[in-house]
Amino acid sequence: MDPSIIEFIGEKSMISIIPNFSNEPLHLIYGSVGPFRAGFPVFVPLWLAAHLRKQQKCRIVPPEWMELETLEEIKEEEKRSKFFTKMPCEHYMVVAQLVMSTAPDDVPRCEELRTIIKDIFDIRESKLRTSIDAFIKGEGTYAKLDNLTLLEMHSVRPILPYSLDHIARYQRVATASQRDTSMLSLNTTGGASGTGSMSNSLFSQ
Amino acid sequence: MMNYFPNYYSIEDIFVTQEKVECKVNTRLQRLGFLDAGAETEDLEPGRTINLPLWYIKELKVNNAYFTIAVPDIYKNVHKAVCEAETTHIELGRLHPYFYEFGRYLTPYDRNHVIGRIIFETLRQRVRHLLDISKNDGDTKHEHRLDNIESKLHEAGVRTNTLYINWLQMSGNHIRTSQLVEEHQKKRKRADRSDDEGDNETDTPTSKKRSTM
Amino acid sequence: MSRSNKMFGDIAFDLLKDLQRSSQTIPGFDDDGVRQVLEEIKAIFEENVAQASNYNSSGDRSLWPLLNYRHAALQRNKRCLLAYLYERMQRIKAMRWEFGPIIPSDIKPALCEPEVQFFNNYSKSLAAYMRSVGDGQGIDLTGNLRPPKSLYIEVRCVENYGKFELDDGEVVHLRKNSQHYLPRAQVEPLVRQGILQHIA
């Protein structure tokens, strides 16, 4: 999926804004937002927040987690844990990207935050690739990955499912042709490459 | 880009099945002498070694009486690397442009039953490497390192990564020129430049009423 | 077949090789190549029929391997030929989505008559379908391929296009390097066709 579509999905998340105008509630296809009272916070979908902010009609209140100390903790936890930790928001990358690009002035220490969020994403992404490798080389037939966000899943699509398709095709060929496995003792490949023991633990059942 | 599942219309698969395989002739085959470039006889003589296209071989029974199929050494040669899980450095594309698919076709003819296992294990071991190079050096060409299947996977990975990077730079939502149009324009410009009589601008204000629907 | 450097099926394979290697959007339809393949198929078929009927009456199996080989070659030719037509058809379909309903004049000569007809019919079906969906209002499925961000966009002209009339009757002059702020939905096709460049 194109990241712009993931962004579109993520833009439905609600975020707090402080409008500088007053208005009746807006009745939109998916529901109503408002009423708006100048100076009082109100929750609106992210796309609307960005739109109003561009027209200088509001200030965006960054979500609680968009704060240096919290993110430092998340980053350390992500480094420590061999599993994927739960992110404070399913669309943390999209929210961060949109809020920080449309309203950098509304976010204290914006540049530092940008870097640390990117770090968290990179740590998780490389963890994902390591787990995939362990899974493919291991003997498991399925894997369950908790707490991955949509954008992260799409960092390995479609290359991962395509690769698995090919591997499955060749596995069928191999098993069909192979009556005796004595020629190649490859059942321990996982162990030989040093990842076998890890594979099962990363992929909790 | 679509995933690759060889079907009847698949040009890739037609390319793979065009590959030649070495065969030994087991018995005199009448009027098939034309298959043997080095022979002047009308019949194909037993004991000769000839190269036959895979599209013919795959129609033969594995234990047919006419030919014995010689499995190429490339698969035996990577055997050790596969066992030691040291396959990432192998220049697969250099060994054979269709390493996996060619191997897949030859699997039934391999009396040692290793080719199937070898292609399966090789890809299994190299996926991590493919994921890494798609992420980290998308621009470098890997023509010798990767076989055809791997190049396709690599392309898919590079594409995902490019889209992600464009998105980070906030240009993901821009409307872009269609890929075909872009390629077409580049070629037209190249053709224009190579035109000797290329006097002034030949910017043809093409048909003005380009309707949408 | 006499002993030449060409084997059965090689001409058919060359059709596909040329199609893959060509740097053009779609190379010219190879009338001559297609005809040669059809002739080869016919020749193989006739020889095989003659020998097969001979086998039926005499029961002599000594030509069996030859028959077998030639039959495989016939099937191979057929497959290459169909794949050639099929791949071209896929590209022609893609052209409809990328270039719009008119085939660029320098590409048109590359298509054979049935292919031009196919393009036109495909284009018509697509247009009819697009008109029929969306509560009778119609939806342009070739537009908004990414979620739109705003109603208007900033564009720069890449070439001299001339007058362009907007839905509300306003006429803009699209001159090379001029910049305009225009309704996204109406100028998207021009951006896709490389006449305008989306800048913001």
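Predicted model, so just to flag it, every value in this text is computed and none were measured. (Residues numbered from 1 in each chain as written. Chains lettered and ligands numbered in written order. Predicted model: local features only at pLDDT ≥ 70, side-chain atom pairs only at ≥ 80, totals over all residues.)

*Asks:* How do you make sense of the overall build of chain B when you look at a structure like this?
*Replies:* When helices and strands are tallied, chain B shows eight helices and three strands. Each helix and strand of chain B, placed in order from N terminus to C terminus, yields the pattern α-β-β-α-β-α-α-α-α-α-α. Classification of the 213 residues of chain B by burial places 34% in the buried group. Taking all contacts inside chain B whose residues are at least 6 apart in sequence as the whole, residues at least 24 apart take part in 61%. (Helix = DSSP H or I, 4+ residues; strand = E, 2+ residues; numbered from the N terminus. Buried ≥ 20, exposed ≤ 12 C-beta atoms within 10 Å, placed from the backbone. Contact = placed C-beta atoms within 7 Å.)

*Asks:* Help me out: how do you make sense of the UniProt feature "domain: DNA replication complex GINS protein PSF2 N-terminal" (unreviewed entry) in chain A in this one?
*Replies:* According to UniProt, the feature "domain: DNA replication complex GINS protein PSF2 N-terminal" (unreviewed entry) maps to residues 2–61 of chain A in the numbering used here. Span residues 2–61 of chain A is 28% helix and 33% strand, its end C-alpha atoms 28 Å apart. (UniProt positions renumbered as here; feature names shortened; annotations may be inferred.)

*Asks:* Sorry if this is basic, but what is going on with the environment of arginine 157 of chain A here?
*Replies:* Residues and elements named next belong to chain A. By the element assignment, arginine 157 lies in the loop between helix H6 (150–153) and helix H7 (159–177). Its 13 C-beta neighbours within 10 Å are what place arginine 157 among the partly exposed residues. C-alpha of arginine 157 to C-alpha of aspartate 2: the two residues are 155 residues apart in sequence and 10.0 Å apart in space.

*Asks:* I'm lost on the domain arrangement of chain B in this one. Help?
*Replies:* Many descriptions give the size of an interface as the accessible area lost when the pieces come together. All names here are of chain B. We note that the domain assignment places domain 1 (14–70) and domain 2 (71–172) within chain B. Computed over C-alpha atoms only, the centres of domain 1 and domain 2 are separated by 30 Å. On the side of domain 2, seven residues touch domain 1, which itself brings seven residues to the contact. (Domains from an automatic or database assignment.)

*Asks:* Just to check I follow, could you spell out the interface of chain B and chain A for this structure?
*Replies:* If you look at the interface, chain B gives 35 residues, while chain A gives 34 residues. Only helix H5 (99–106), helix H6 (115–136) and helix H7 (148–168) of chain B provide two or more residues apiece to the side of chain B that touches chain A. Sorting elements by how many residues they give to the side of chain B that touches chain A places H6 of chain B first, with 14 residues. Here the side of chain B that touches chain A is composed, by residue class, of 18 nonpolar, eleven polar and six charged. (Nonpolar A, V, L, I, M, F, W, Y, C, P; charged D, E, K, R; others polar.)

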